[in-house]
Amino acid sequence: MAIRYRKEYKTWQVYWTNPITGKRESKSFATEAEAKKENSLVLHRLKYEQESFRRNEAPEQSVKTFEQVYVAYLREKQFSKKDLSRHLAHMRPILTKIGAKPMAELAKDDYETVKKDLLANTELTVATVHKKLSLLRTIVYYAVERGFCESVKFPTLPSPQYKCFVPPSPDEVAAIYQAAPPHIQRVVVIGAYCGVRIGECELLSLTWDDIDFERKILRVHGSKKN
């Protein structure tokens, strides 16, 4: 067993092998201190109370729907409020399709149908479908690891096919600048010369403290996920 920090979820995870089932199990915590405490408790159980791990066999003995497994997944991962909202938005059409079905009965054909329906939705880009199916695949792998279902061959994810945007020419940038109000002119200049991404990850997080007027340097902070 061990402890690791999961940057993508901003949580500390304790993981171990269940001595009864032989399967990997884990718990996530917001702080390292909580993870270390759980780690000590699990070490004690592994050494002196291995029978206490038998209760973790319960998921295999009861029928769990896909939605119930998904809820268990979310509780374990402990996403931030913002990330949870995004996750649920991506999963909503999938939950509508297979949420009420028993997890153990879902097969490759069911996931192929989900893939087909998502690709048929003209309001979704292929890149968005790729993201939704990637999240679904992660939940399926989680379900297999926790004993909610047998291993299944997941459908191949569609190629994202990201759009290629052509930047404006110098003349077009100048025209946009002239037509923009003062506060937007700053955005035009920073975007054109520095390539700063629009949004809170870069552009909207800039402050006057990020500008070194003497050295003529603009400090752009990397997004939190990277």
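Criteria and cut-off values
- Residues numbered from 1 in each chain as written.
- Predicted model: local features only at pLDDT ≥ 70, side-chain atom pairs only at ≥ 80, totals over all residues.
- Heavy atoms only, no water.
- Phe/Tyr/Trp six-rings, centres within 6.5 Å; stacked < 30°, edge-to-face > 60°.
- Buried < 20%, exposed > 50% of the residue type's maximum accessible area, 1.4 Å probe, protein only.
- Lys NZ or Arg CZ within 6 Å of the ring centre and 35° of its normal.
- Axes fitted to C-alpha atoms, helices over the stretch in contact; angles between N-to-C directions.
- Helix = DSSP H or I, 4+ residues; strand = E, 2+ residues; numbered from the N terminus.
- Parallel < 35°, antiparallel > 145°, perpendicular 65-115°, else oblique.
- Left-handed = near helix turned anticlockwise from the far one by under 90°.
- Contact = heavy atoms within 4.5 Å.
- Nonpolar A, V, L, I, M, F, W, Y, C, P; charged D, E, K, R; others polar.
- pLDDT = per-residue confidence, 0-100.

1. Quick look at the packing of aromatic side chains
Move 1: For the structure shown, the criterion picks out five aromatic pairs.
Move 2: An angle of 50° between the planes, with centres 4.9 Å apart, marks the rings of Y5 and W12 as tilted.
Move 3: A relative accessible area of 42% places Y5 in the partly exposed class.
Move 4: According to the relative accessible area criterion, W12 is partly exposed, its value standing at 21%.
Move 5: Arranged with centres 6.2 Å apart and planes meeting at 55°, the rings of Y73 and F79 form a pair that is tilted.
Move 6: Classification of F79 by relative accessible area gives buried; the value is 15%.
Move 7: The structure contains a cluster of three or more aromatic residues connected by ring pairs, namely Y73, F79, Y142 and F148.
Move 8: Its end group placed over the ring of Y15, R4 keeps NZ or CZ at 5.1 Å from the ring centre.
Move 9: Sitting above the plane of the F53 ring, R45 keeps its charged end 3.9 Å from the centroid.

2. Examining the packing of helix 3 (residues 66-77) against helix 4 (residues 81-98)
Move 1: Relative to each other, helix 3 and helix 4 sit at 165°, their axes nearing to 11 Å. For the element pair helix 3 / helix 4, the angle class is roughly antiparallel. Our pair here, helix 3 against helix 4, has a crossing hand that is right-handed. Every residue of helix 4 that contacts helix 3 at F66, E67, Y70, Y73 and L74 is listed here: L84, H87, L88, M91, I94, L95 and I98.
Move 2: Of the residues belonging to the contact of helix 3 with helix 4, the class tally is ten nonpolar, one polar and one charged.

3. Some remarks on the confidence of the model for the chain
Move 1: Mean pLDDT over the chain: 86, with 94% of residues reaching 70 or higher.
Move 2: Element-level mean pLDDT values for the chain span from 46 in helix 2 (residues 58-61) up to 95 in helix 5 (residues 108-120).
Move 3: Below a pLDDT of 50 lies the segment residues 56-61, which in the model reaches ten contacts outside its immediate sequence neighbourhood of four places, other chains included.

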